[in-house]
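# Topology and contacts: notes
Now for the letters of each chain:
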Amino acid sequence: MQFHQGRLIDHVHLRVSDLEASRRFYRAVLDAVGLRFTSESPRHFACDELWVDRADGPVSRVHLAFQAKDREAVHAFHEAALAHGGRDNGGPGERSYHPGYYGAFALDPDGNNIEAVFHGPTERSADSVVVRPRT
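Not measured: the values here are computed from a predicted model. (Residues numbered from 1 in each chain as written. Predicted model: local features only at pLDDT ≥ 70, side-chain atom pairs only at ≥ 80, totals over all residues. Heavy atoms only, no water.)

### What to know about helix H1 (residues 19–32)
Which entries qualify depends on this criterion: Going along the chain from the N terminus, every DSSP run of H or I of four or more residues is numbered as a helix, and every run of E of two or more is numbered as a strand. The span you would expect from a helix comes to 1.5 Å times its residue count less one. For each residue, the accessible area found with a 1.4 Å probe, counting protein chains only, is set against the maximum for its type, and the residue is called buried under 20%, exposed over 50%, and partly exposed in between. Here a polar contact is recorded for every N or O atom pair within 3.5 Å, except that within protein the pair must consist of a potential hydrogen donor and a potential acceptor, and residues adjacent in sequence are included only if both atoms are side-chain atoms.
Look at H1: 20 Å from first C-alpha to last across 14 residues, which is about the 20 Å you get at 1.5 Å a residue. Taken as a whole, H1 has its buried residues at Leu 19, Ala 21, Ser 22, Arg 23, Phe 25, Tyr 26, Ala 28, Val 29, Leu 30 and Ala 32. If you check the start of H1, you find a side-chain oxygen 3.2 Å away from the backbone N of Glu 20, and it comes from Asp 18. A positive phi of about 85 degrees marks Gly 34, the residue just after H1.

### A look at the pairing of strand E9 (residues 102–107)
Going by this rule: Whether two strands pair comes down to DSSP finding at least two bridges between them.
In terms of residue burial, E9 counts as a mostly covered element, since 6 of its 6 residues are buried. Covered by surrounding structure in E9 are Tyr 102, Ala 104 and Ala 106 together with Gly 103, Phe 105 and Leu 107, the residues of both alternating faces. Relative to E9, strand E7 (residues 87–88) runs antiparallel, the two being bridged by 2 bridges. The residue of E9 that forms the bridge with Asp 88 is Ala 106. Summarising the sheet, strand E8 (residues 93–94) and E9 pair through 2 bridges and their orientation is antiparallel. If you follow Glu 94 over to E9, its bridge partner there is Tyr 102. The loop that links E9 with its antiparallel partner strand E10 (residues 113–118) comprises 5 residues; one of these, Gly 111, has a positive phi angle of about 95 degrees.

Here you go:
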């Protein structure tokens, strides 16, 4: 068994009101930024550190920002979000957060603020970290 993991966040767990609507939304926006579900069942879906299932009570209210490889991926994210049940919360464009910050925002079907952001060209040491439990 192996899985990929970053260094700070173990996982983010979203509780949603309509799992299938959220599944369609997240499948589309993750595909737009070059990612796929890493796990799914009738009761959940996941991508890397993001885990989503149906809420038995209140739904989550969070802001999540997905990394985009370029400005085109930010545009593709925003288009996919609006085409799959999301609501516009700030179209693609430069933001004043820091020079080169290019992002777009959409509210998912439960009102979570989801963003795709491109910070400018970078070089990564690895796409992800491979973790193998010790036996």
